[in-house]
Amino acid sequence: MELPTESEERHAAPRVSRVGLGAFALLVALSAYAVSVGLWKLLGISWVAFAAMAGAGLVGRRSRDENPTALVWGYGLASGAMVTSAAVFLLPSAIGHHAQFGGFGVALGVLVGFGSHSIGHRLAHVEMPLDRTVAELSAHALAAGVVIGVVYGNMPELGLLLGLAIVSHKGPAGYAAAARLARKGGDTTTLLLPAVGVGLTAITAASLQLPAAPAVRGVVFGFATGIFLHVAMDFLPRCELGSEIHDALAVDGDAHALLDRLRLHAVGSTVLGGVAVFVAWLALA
């Protein structure tokens, strides 16, 4: 039996992950349900999240090497927008329902986000049918979708700006994950699963109606605020030695000068992400 040459392998038609393809088909079916019940905002957020991760994943797959400047700007814009959106659109609602329970909800969300992120790293030592990065991204997307679905299902007056800011990090995350998978020879189409994850659980969770008790709603909306703040802080572009940005530099010798320059980009991108939300809010208001 003659083995394929390296050129033939490179130009062979890519396989599509069955798990990813099945998840995509499920999102299409749920989208039809969302249309039938008028969940237009969640439908838009779900497909924007998919397009951001899938589109950026295609770019990462072709490049194979992460561009550190692109990572800094992608993460910075997304995290700045998320911090601002959570503080402006969710936090006032949590405190408005019940100041103390809303505050406890915020604390709970931050702590649960940190705990789940830290425990998630244990997946590196567990044999899994999926790549560890894909598994972590999928778990994160499914969990975020639940929170988004509950928030929009119980606060239909919320605008699209919050949801779009929350899923904006799907782009840089998909880009970085696809580039790593491509370098290792992994199947980048498995990223279809985390790409549709937000939509799968957001549309499903929208039917969950919270009790009218102010304390309960304060805790829930505070928890959503804390979770999204944690995610936003986790995506802040860090330019220290040994960070993802540093590893993407791929330079010989001293990288301090490049990192110092990227730190300025990191500050500028996060500020610009927050300002963009403010300007969009003024325009829509």
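Here is what the cut-offs are and how they apply
Residues numbered from 1 in each chain as written. Predicted model: local features only at pLDDT ≥ 70, side-chain atom pairs only at ≥ 80, totals over all residues. Heavy atoms only, no water. Helix = DSSP H or I, 4+ residues; strand = E, 2+ residues; numbered from the N terminus. Contact = heavy atoms within 4.5 Å. Axes fitted to C-alpha atoms, helices over the stretch in contact; angles between N-to-C directions. Parallel < 35°, antiparallel > 145°, perpendicular 65-115°, else oblique. Left-handed = near helix turned anticlockwise from the far one by under 90°. Nonpolar A, V, L, I, M, F, W, Y, C, P; charged D, E, K, R; others polar. Core = buried A, V, L, I, M, F, W, Y, C linked by side-chain atoms within 4.5 Å. Buried < 20%, exposed > 50% of the residue type's maximum accessible area, 1.4 Å probe, protein only. Patch = residues over 30% accessible without salt bridge, like charges linked within 9 Å, V, L, I, M, F, W, Y side chains within 5 Å. Areas by Shrake-Rupley, 256 points an atom, 1.4 Å probe, with all protein chains shown as cover. Salt bridge = Lys/Arg side-chain N within 4 Å of Asp/Glu carboxyl O. pLDDT = per-residue confidence, 0-100. Phe/Tyr/Trp six-rings, centres within 6.5 Å; stacked < 30°, edge-to-face > 60°.

Q: Please clarify how the overall build of the protein should be interpreted in this entry.
A: For the protein, the count of helices and strands is 12 helices and zero strands. Counting from the amino terminus, the protein carries its helices and strands in the arrangement α-α-α-α-α-α-α-α-α-α-α-α. Sequence-distant contacts, at least 24 apart, represent 83% of the contacts inside the protein between residues at least 6 apart.

Q: Looking at this structure, how should I read the packing of helix α6 (residues 132-154) against helix α10 (residues 214-234)?
A: Helix-helix packing: each pair is described by the crossing angle between the helix axes and the interaxial distance. Close contact between α6 and α10 brings their axes to 11 Å; oriented N to C, the two are set at 140°. What the angle tells us is that α6 and α10 run oblique. The chirality of how α6 crosses α10 is left-handed. Seen from α6, the contacting residues are H140, A144, V147, I148, V150, V151 and N154; seen from α10, they are R217, V220, F221, A224, F228 and V231. The residue inventory of the contact of α6 with α10, partitioned by class, reads 10 nonpolar, two polar and one charged.

Q: Where do I start with the nonpolar core in this structure?
A: Where a protein is soluble and globular, its nonpolar side chains tend to be buried together. Ranked by internal contacts, the top residues of the largest apolar core, which has 35 residues, are L191 and C239. L42, I166, A206 and F221 belong to the second-largest nonpolar core, a separate cluster that totals 31 residues.

Q: Just to check I follow, could you spell out the environment of Y175 for this structure?
A: Within the secondary structure, Y175 sits in helix α8 (residues 170-184). We classify Y175 as buried; its relative accessible area is 11%. Here the alpha-carbon distance between Y175 and G60, two residues 115 residues apart in the chain, equals 4.5 Å. In contact with Y175, not counting residues within four places along its chain, are A56, G57, V59, G60, S63, D65, E66, N67 and L71.

Q: Is there a simple way to explain a nonpolar patch on the surface in this structure?
A: Judged by side-chain polarity, L77, V267, V271, L272, V275, F278, V279, W281 and L282 come together as a nonpolar surface patch covering roughly 800 Å² of accessible area. Residue contributions to the nonpolar patch peak at eight residues, all from helix α12 (residues 256-284). When you line up the elements, V279 lands in helix α12.

Q: I'm lost on the confidence of the model for the protein in this one. Help?
A: The predicted coordinates of low-pLDDT regions are not to be read in fine detail. Averaged over every residue, the pLDDT of the protein is 86; residues scoring 70 or more account for 86%. Here helix α1 (residues 6-11) is the element of the protein with the lowest mean pLDDT, 41, and helix α9 (residues 192-205) is the one with the highest, 95. Confidence drops under a pLDDT of 50 for residues 1-14, and excluding neighbours within four residues, the segment shows two contacts in the predicted structure.

Q: Which parts of the structure should I look at to understand the packing of aromatic side chains?
A: Given two aromatic rings, their pairing is described by the distance between the two centres and the angle made by the two planes. Inspection of the entire model under this criterion finds five aromatic pairs. Taken together, a centroid distance of 5.3 Å and an interplanar angle of 40° make the contact between F24 and F50 tilted. Linking F24 in helix α2 (residues 18-37) with F50 in helix α3 (residues 40-63), this pair joins segments that are 26 residues apart in sequence. On the basis of relative accessible area, F24 is assigned to the partly exposed category, the value being 26%. For the ring pair W47 and F50, a centre distance of 5.4 Å and an interplane angle of 80° mean the geometry is edge-to-face. Taken together, the positions of W47 and F50, both in helix α3 and three residues apart, correspond to about one turn of that helix.

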